Amino acid sequence: MSERQETIERNLWAAPALFVFAAWIIFKTDGGSSVSTAGWIVYAAGWIPALVMLVRSVTQGRNPGIGAAVAYGILILMGILFWGNHA
């Protein structure tokens, strides 16, 4: 694997953290149901890069590594916290 490809993969595994951070900022504005809906949309979009990387790793027969554990851990933990605060 080239260095460029490895950098792209690492960034895609880290991308859910940016979506979670953006969703957190949106939820903190507390502007009503439309703002809450926007927060959930941004949070849900964070699953896309992680799922793409998981499918890519499985189809190439590679171990997703620690990046998968961190990405999904952040998404699951923050999803539970967001749901608890904004359900």
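In what follows, the structure referred to is the one given above.
Now for a look at the structure at hand. (Residues numbered from 1 in each chain as written. Predicted model: local features only at pLDDT ≥ 70, side-chain atom pairs only at ≥ 80, totals over all residues. Heavy atoms only, no water.)

**A word on the packing of helix α1 (residues 3-29) against helix α4 (residues 66-86)**
Stage number 1. At a minimum axis separation of 8 Å, α1 and α4 run at an interaxial angle of 15°. When the interaxial angle is binned, α1 and α4 end up roughly parallel. Here the hand of the crossing between α1 and α4 comes out left-handed. Contact residues: Trp-13, Pro-16, Ala-17, Val-20, Ala-23, Trp-24 and Phe-27 in α1; Gly-67, Ala-68, Ala-71, Tyr-72, Ile-74, Leu-75, Met-78, Phe-82 and His-86 in α4. (Axes fitted to C-alpha atoms, helices over the stretch in contact; angles between N-to-C directions. Helix = DSSP H or I, 4+ residues; strand = E, 2+ residues; numbered from the N terminus. Parallel < 35°, antiparallel > 145°, perpendicular 65-115°, else oblique. Left-handed = near helix turned anticlockwise from the far one by under 90°. Contact = heavy atoms within 4.5 Å.)

**Examining the pattern of salt bridges**
Stage number 1. A full pass over the atoms with the stated rule returns three salt bridges.
Stage number 2. Glu-6 serves as the salt-bridge partner of Arg-10, at 2.6 Å between the closest nitrogen and oxygen. Pair noted here: Arg-10 and Glu-6 are both in helix α1, with a separation of four residues, about one helical turn.
Stage number 3. On the basis of relative accessibility, which here comes to 32%, the residue Glu-6 falls in the partly exposed class.
Stage number 4. One salt bridge in this structure joins Glu-9 and Arg-62, with 2.8 Å as the shortest N-O distance. With a gap of 53 residues between them, Glu-9 in helix α1 and Arg-62 in the loop between α3 (47-59) and α4 connect regions that are remote in the sequence.
Stage number 5. Relative accessible area serves as the criterion here: at 8%, Glu-9 is assigned to the buried category.
Stage number 6. On the basis of relative accessibility, which here comes to 28%, the residue Arg-62 falls in the partly exposed class. (Salt bridge = Lys/Arg side-chain N within 4 Å of Asp/Glu carboxyl O. Buried < 20%, exposed > 50% of the residue type's maximum accessible area, 1.4 Å probe, protein only.)

**Digging into the packing of aromatic side chains**
Stage number 1. All told, the structure shown has eight aromatic pairs when counted by the stated rule.
Stage number 2. Relative to Phe-82, the ring of Trp-40 lies with its centre 6.4 Å away and its plane at 85°, an arrangement referred to as edge-to-face. Taken together, the residues Trp-40 in helix α2 (residues 33-45) and Phe-82 in helix α4 connect sequence positions 42 residues apart.
Stage number 3. For Trp-40, a relative accessible area of 25% translates into the label partly exposed.
Stage number 4. Overall, the relative accessible area of 3% leaves Phe-82 in the buried class.
Stage number 5. A centroid spacing of 5.7 Å and a plane angle of 45° characterise the contact between Trp-47 and Tyr-72, whose relative ring orientation is tilted. Of this pair, Trp-47 sits in helix α3 while Tyr-72 is found in helix α4, placing the two residues 25 residues apart along the sequence. (Phe/Tyr/Trp six-rings, centres within 6.5 Å; stacked < 30°, edge-to-face > 60°.)

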